[in-house]
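One-letter residues, chain by chain:
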Amino acid sequence: MRLKGKGIIVTGGASGIGEASVRKIIAEGGKVVIADLDADRGNALVSELGDDRVRYIHCNVVDSHDVETLFQSTAEFCGVDGVFNNAGIGAITPSAETTDEDWQQVIDINLTGVFKVARMSLQYMLNNGAGSLVNCASILGHFGQSQTPAYSAAKGGVLNLTRTLAIETATNGIRVNSISPGYVDTPILSALDEESKNALIALHPMARLGRPEEIANATAFLLSDEASFITGADLLVDGGFTAGKS
Ligand code: NAD
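Residues numbered from 1 in each chain as written. Predicted model: local features only at pLDDT ≥ 70, side-chain atom pairs only at ≥ 80, totals over all residues. Heavy atoms only, no water.

Q: Residue-level account of the site of the ligand, with values.
A: The environment of the ligand is made up of 27 residues, and the closest members are Ser15, Asp36, Tyr151, Val184 and Thr186. In the environment of the ligand, a nitrogen atom lies 3.4 Å from a nitrogen or oxygen atom belonging to the backbone of Cys59. One nitrogen or oxygen atom from the main chain of Val184 is found 2.8 Å from an oxygen atom belonging to the ligand. Look at the ligand: alone it shows 840 Å² of surface, and the protein chains cover 92% of it. Its atoms largely coinciding with the cavity grid, the ligand occupies the largest pocket. Residue assignment for the shell around the ligand shows that the elements contributing at least two residues are α1 (16–27) and α5 (149–169). Residues that form the shell around the ligand fall into these classes: 16 nonpolar, 9 polar and 2 charged. (Near = heavy atom within 4 Å. Polar contact = N/O pair within 3.5 Å; in protein donor to acceptor, adjacent residues only side chain to side chain. Areas by Shrake-Rupley, 256 points an atom, 1.4 Å probe, with all protein chains shown as cover. 1 Å grid on protein atoms, 1.4 Å probe; cavity = no way out; pocket = protein on both sides within 12 Å on 5 of 7 lines; lining within 4 Å. Sits in = over half its atoms within 2 Å of the grid points. Helix = DSSP H or I, 4+ residues; strand = E, 2+ residues; numbered from the N terminus. Nonpolar A, V, L, I, M, F, W, Y, C, P; charged D, E, K, R; others polar.)

As structure tokens, this is what we get:
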């Protein structure tokens, strides 16, 4: 029960890695607010897990007003002890053909949205004198990958934003870390055909994709007090992907 009594926001908590993290936080004794755009999936999760432990709040992380309301409601429900800043979208477009709109949408959600949630997290955590923020980056923040210009740029930005926030708040009882998953079998990969998925599998020394639960386990650790001397770090959970690149 490493998160007993803690109140935690999971953005993008209705699906994939976020959903697995919601389940893990509950299993570890915490309470969760799911912040997402997918009301059907979010509310289904609340029905399954029980509304004394989980709430769904409709929130577009790009919208500052939504983010403010999310934190106010969470403070009333369970307090803001931790935040998994996880909402994101995938995007594959050849760089030369990426439109302004393609670029802007990914940067808005995967970088600006992460900043807006982080900014509000710090406001509440500074007030509380404690807190753990975990930002979701990616192996693509560490390495280039063709046809992912905005996604890779955003994830690289998340890594350095994390370090910046961590050193700024290190003496305030606040820890800020990131997690970098390898390719994980979630709906974000649903656009890929079987051949493309197999090509991704081959990039991982473990010769498989990650499971959402495996990312959730590592996230729960970073959110918990067991990670009390860890800040400004990035935790790679990638089946050895990056080890093969160094
Ligand atoms: P997913 O599509 O299963 O879940 C993403 C969730 O975010 C969805 O529920 C979606 O509704 C929500 N969301 C999207 N835009 C939003 C917005 N503007 N405001 C609020 N919620 C929004 O994807 P996933 O694979 O679970 O991805 C979660 C995170 O993990 C993302 O940041 C992604 O970049 C990162 N990641 C995923 C992989 C992978 O292979 N699956 C690898 C590395 C990093």
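Q: Hey, could you go over the nonpolar core for me, with residue numbers and the actual values?
A: In this structure, Leu70, Phe71 and Val83 are the most contacted members of the largest nonpolar core, which totals 30 residues. For this core, the secondary structure elements donating two or more residues are β2 (31–36), α3 (64–77), α4 (100–128), α5 and β6 (174–181). Once residues lying within four places of it in the same chain are set aside, the contact partners of Leu70 are Ile9, Val33, Ala35, Ile57 and Cys59. With 25 residues, the next largest nonpolar core counts Ala14, Ile26, Phe84 and Ala218 among its residues. (Core = buried A, V, L, I, M, F, W, Y, C linked by side-chain atoms within 4.5 Å. Buried < 20%, exposed > 50% of the residue type's maximum accessible area, 1.4 Å probe, protein only. Contact = heavy atoms within 4.5 Å.)

Q: How would you sum up unusual backbone geometry? Please name residues and give values.
A: Residues other than glycine seldom take positive phi values, yet Gln147 does so here, at roughly 70 degrees. Its place among the elements puts Gln147 in the loop between β5 (131–136) and α5. The backbone of Ala207 sits at a positive phi, close to 55 degrees, despite the residue not being glycine. Structurally, Ala207 is set in the loop between α6 (194–202) and α7 (212–223). Judged by relative accessible area, which is 54%, Ala207 ranks as exposed.

Q: Any details on the sheet that holds strand β7 (residues 234–237)? Residues and values, ideally.
A: The strand order β3-β2-β1-β4-β5-β6-β7 describes an open sheet built from 7 strands, whose pairing is parallel. One side of each edge strand has no neighbouring strand; the edge strands of this open sheet are β3 (54–58) and β7. When strand polarity is set aside, the average angle formed by the axes of neighbouring strands in this sheet is 20 degrees. Bridge analysis of β2 against β3 gives 5 bridges, and the strand direction is parallel. Counterpart to Val32 in the pairing with β3 is Val54. Relative to the sheet, α3 contacts β1 (7–11), β2, β3 and β4 (82–85), its axis offset from that of β2 by approximately 165 degrees. (Pairing = 2+ DSSP bridges. Axes fitted to C-alpha atoms, helices over the stretch in contact; angles between N-to-C directions.)

Q: Explain the pattern of salt bridges residue by residue, including any values.
A: On inspection of all chains with the given rule, the structure shows 10 salt bridges. As a salt-bridge pair, Arg2 and Glu226 come within 3.8 Å of each other at their nearest N and O atoms. Of this pair, Arg2 sits in the segment before β1 while Glu226 sits in the loop between α7 and β7, and the two are 224 residues apart along the sequence. Note on Arg2: relative accessible area 30%, which makes it partly exposed. On the basis of relative accessible area, Glu226 is assigned to the exposed category, the value being 52%. (Salt bridge = Lys/Arg side-chain N within 4 Å of Asp/Glu carboxyl O.)

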